[in-house]
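Fold and geometry: a report
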Amino acid sequence: MQDFHSKCLEILMESNTTSKIIATNDLYLKLSSSDQFVFEKSEIISIESPGRPDKPELVHPTKVPRRRLGSKEGQAGLIHALAHIEFNAINLALDACYRFQDMPLAYYHDWVEVAKDEAYHFSLLNDHLQTMGYQYGDFNAHNGLWDMALKTEHDCLTRMALVPRVLEARGIDAVPEMQAKIRNTGNEEAIAILDIIHRDEIKHVQYGDKWFKYLCREKDLDSENIFFELMAKYDAPKIRGAFNRNDRLKAGFNNTELDKLLNLEVKNEIIE
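We now turn to the structure provided with this report.

Thresholds applied
- Residues numbered from 1 in each chain as written.
- Predicted model: local features only at pLDDT ≥ 70, side-chain atom pairs only at ≥ 80, totals over all residues.
- Heavy atoms only, no water.
- Helix = DSSP H or I, 4+ residues; strand = E, 2+ residues; numbered from the N terminus.
- Rg over C-alpha atoms; globule rule 2.2 N^0.38 Å.
- Buried < 20%, exposed > 50% of the residue type's maximum accessible area, 1.4 Å probe, protein only.
- Contact = heavy atoms within 4.5 Å.
- Lys, Arg positive; Asp, Glu negative; His and termini not counted.
- Charge placed at Lys NZ, Arg CZ, Asp CG, Glu CD.
- Axes fitted to C-alpha atoms, helices over the stretch in contact; angles between N-to-C directions.
- Parallel < 35°, antiparallel > 145°, perpendicular 65-115°, else oblique.
- Left-handed = near helix turned anticlockwise from the far one by under 90°.
- Phe/Tyr/Trp six-rings, centres within 6.5 Å; stacked < 30°, edge-to-face > 60°.
- Lys NZ or Arg CZ within 6 Å of the ring centre and 35° of its normal.
- Core = buried A, V, L, I, M, F, W, Y, C linked by side-chain atoms within 4.5 Å.
- Nonpolar A, V, L, I, M, F, W, Y, C, P; charged D, E, K, R; others polar.

1. Quick look at the overall build of the chain
From N to C terminus, the chain includes ten helices and two strands. Walking the chain from its N terminus toward its C terminus, one meets helices and strands in the order β-α-α-β-α-α-α-α-α-α-α-α. A compact globule built from 272 residues should have a C-alpha radius of gyration of about 19 Å, and the chain, at 18 Å, falls within 12% of that. A principal-axis box enclosing the C-alpha atoms of the chain has dimensions of 50 × 45 × 30 Å. Counting all 272 residues of the chain, 50% fall into the buried class. In the chain, the proportion of contacts linking residues at least 24 apart, taken out of those at least 6 apart, comes to 81%. Averaging the coordinates of the 33 positive side-chain charges in the chain and doing the same for the 44 negative ones gives two points 4 Å apart.

Set out below in structure tokens:
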């Protein structure tokens, strides 16, 4: 039998996209069979850069050009940006399994499922990108998602608060607005892919919400108060633009939290 956490690290450090996707799917299938893995605690290392291909070139977020959807290149640039997010999300889910080795078995089932979903999303987007005459790596990208992984590597509660409940929740907000813009281009395939991503993203935030609140109960913390304390402490991105209240409620937020998040947006606008 293989050690589960070591296997997660191995896949996390795999740089070939095809190999990473195959290994992630295999991990998901094997974890469904309870006798495939042992769960032994091992030394946990900080990972400055997980496995990824040489391209795309990573640049500062302000250096990633914004492209208009009216052009073929602009549409491909958007699909590429989404594919990059999904590729990073595979690594984030695997890191959540490797790094936090004191969690219940159900936690690892949830996050391996998330990794499998993200691998599927990446494949859908990359395949669609190729039908447009491009491939993953043809555009520059940034490393914002992994930066948050590094900031939260010391504590599972902080990770669950700031990655699923902040960064992934922004995807819940953004996808319907993105689909509305893409609809004007007639790219129905991209809209259908985003339907799948949006459905799964709600589930992923649900998983983050579940384990965040589990850890809050374990530590006798008020989940609502600690969430906003962590957002402030780590300067987590505030709400900007679209806000999908209904789907955030499905993902585990309550109306009080959502009102507070909107209030933070108002404060930001006043300061700016």
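2. Side note on the packing of helix α3 (residues 72-99) against helix α6 (residues 156-183)
Their axes nearest at 13 Å, the elements α3 and α6 cross at an angle of 160 degrees. Here α3 lies roughly antiparallel to α6, going by the angle between them. The handedness of the crossing between α3 and α6 is left-handed. In this structure, α3 contributes Leu78, Leu82, Leu92, Asp95, Ala96 and Arg99 to the contact, and α6 contributes Arg159, Met160, Val163, Met178 and Ile182.

3. A look at the packing of aromatic side chains
Aromatic ring pairs: the centre-centre distance and the angle between the two ring planes describe each pair. Summed over all chains, the structure comprises 15 aromatic pairs. Look at Phe227 and Phe253: their rings are 6.2 Å apart centre to centre, the planes differ by 70 degrees, and that puts the pair in the edge-to-face class. Of the two residues, Phe227 sits in helix α8 (residues 223-233) while Phe253 sits in the loop between α9 (245-250) and α10 (255-271), which places them 26 residues apart along the sequence. The two residues Phe227 and Phe253 agree in class, both being buried. The rings of Phe4, Phe37, Phe39, Tyr107, Tyr108, Trp111, Trp211 and Tyr214 are connected pair by pair, giving a single aromatic cluster. Across from the ring centre of Tyr28, 4.7 Å away, lies the NZ or CZ of Lys116, which sits over that ring. A cation sits over an aromatic face here: Arg165 above Phe253, 4.4 Å from the ring centre.

4. Observations regarding unusual backbone geometry
A cis amide bond links Lys55 to the next residue, Pro56, at an omega of 15 degrees. Despite not being glycine, Asp220 has its phi angle at roughly 55 degrees, a positive value. Topologically, Asp220 is positioned in the loop between α7 (188-218) and α8. A relative accessible area of 73% means that Asp220 is categorised as exposed.

5. Re helix α1 (residues 4-12)
Along α1, seven of the nine residues are buried, which leaves the element largely enclosed by surrounding structure. Those residues of α1 lying buried are Phe4, His5, Lys7, Cys8, Leu9, Ile11 and Leu12. In this fold, the buried residues of α1 make contact with β1 (2-3), α2 (17-31), β2 (37-38), α3, α4 (105-131) and α5 (144-151).

6. Re the nonpolar core
Soluble, globular proteins show a tendency: their nonpolar side chains are buried together. Residues Phe4, Tyr107, Trp111, Leu162 and Phe227 are the most contacted members of the largest nonpolar core, which totals 79 residues. Tallying contributions element by element places α6 first for this core, with 13 residues.

7. Regarding the side chain of Asp209
The topology assignment puts Asp209 in helix α7. A relative accessible area of 7% means that Asp209 is categorised as buried. In this structure Asp209 touches Arg165, Ala251, Gly252 and Phe253, once residues within four positions along its chain are discounted.

8. Let's talk about the packing of α4 against α7
Direction vectors running N to C along α4 and α7 enclose 165 degrees, while the axes themselves pass 10 Å from each other. One finds that α4 runs roughly antiparallel with respect to α7. Pair α4 / α7 crosses with left-handed handedness. Grouping the constituent residues of the contact of α4 with α7 by class yields 13 nonpolar, four polar and nine charged.

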